[in-house]
Amino acid sequence: MFIDQISVFLANQTGRLADVTEVLAAEKVDIRAMSLAETEEYGVLRMIVDDPTRAVEKLRQAGVAVRVTPVIAARFDDEPGAMAKVLKTLNDACISVTYAYAFISPVGGGAAAVLRTNDCGRAAAVLTEKGIELMKAEDIHK
């Protein structure tokens, strides 16, 4: 039910994003989804990859600050309003979404959204109860 998301903390300097992606590329780690948020001084790169264990190991060896966070990934049709339904379901259950980013699902087609909430366990239960499919780790990870 949970997906391992890798969060990388980057100095806001030219080339840092390229450095991180080059480490993963050299290790044949496939980035399935990513989001980059930045401030003037640093950025937070969030990624869903096919092999999070290997990615974390190799990034740490390269001196990159990295953390693993459990998130959920809701699967839905790739059509207008589908993500709104997912978010309304969470809102109706008084579950706050801390952040989200969407991607086209590599398995089974359609779209998916990575969601970090104030209570991922409860969010997963509510979404499942309402018939919204959650991706499993094996749908994304090796």
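Note: the structure precedes this text.
If you're wondering where the values come from, they're calculated on a predicted model, not measured in any experiment. Each residue is numbered by its place in its chain's sequence as written, counting from 1. Totals for whole chains, interfaces and linings use every residue, but because this is a predicted model, local features are given only for residues with pLDDT of at least 70 and side-chain atom pairs only at 80 or more, for both listing and counting. To obtain the side-chain values, all non-hydrogen atoms of the structure were used and water was disregarded.

A. Highlighting the nonpolar core. Nonpolar cores are built from buried Ala, Val, Leu, Ile, Met, Phe, Trp, Tyr and Cys residues. Side-chain atoms within 4.5 Å join them into one set. Exposed residues in this analysis have more than 50% of their type's maximum accessible area, buried residues have under 20%, and partly exposed residues fall in between, with area computed by a 1.4 Å probe over protein chains only. Ile 72, Ala 74, Val 86, Leu 115 and Leu 127 are the most contacted members of the largest nonpolar core, which totals 18 residues. Under the DSSP-based scheme used, a helix requires at least four consecutive residues in state H or I and a strand at least two consecutive residues in state E, with every element numbered from the N terminus. Among the elements of the structure, strand E4 (65–76), helix H3 (82–92), strand E6 (111–117) and helix H4 (120–129) are those that each provide at least two residues to this core. Beyond its immediate stretch of four places on either side in the chain, Leu 115 contacts Val 71, Ile 72, Ala 74, Val 86, Leu 87, Leu 90, Val 97, Tyr 99, Ala 100, Cys 120 and Leu 127. The next biggest cluster of nonpolar side chains, apart from the first, holds 14 residues, and it includes Leu 24, Leu 45, Val 49 and Leu 59. Contact criterion: two residues are considered in contact whenever any of their non-hydrogen atoms come within 4.5 Å of each other.

B. Just the pattern of salt bridges, in detail. Throughout this description, the term salt bridge denotes a Lys or Arg side-chain nitrogen within 4 Å of a carboxyl oxygen of Asp or Glu. Taken as a whole and assessed by the stated rule, the structure comprises six salt bridges. The partner of Glu 27 in a salt bridge is Arg 54, with the nearest N and O atoms 2.5 Å apart. Of this pair, Glu 27 sits in the loop between helix H1 (16–26) and strand E2 (31–38) while Arg 54 is found in helix H2 (residues 52–61), placing the two residues 27 residues apart along the sequence. Here Arg 54 falls in the partly exposed class, since its relative accessible area comes to 34%. Here Glu 133 ties to Arg 75 by a salt bridge, and the two come within 3.2 Å at their closest N and O atoms. Of the two residues, Glu 133 sits in the loop between H4 and helix H5 (137–140) while Arg 75 sits in strand E4, which places them 58 residues apart along the sequence. Looking at Arg 75, the relative accessible area reads 12%, which means it is buried. By sharing partners, the salt bridges in this structure join Arg 75, Glu 133 and Asp 139 into a single network.

By themselves, these are just geometric observations and shouldn't be taken as functional.
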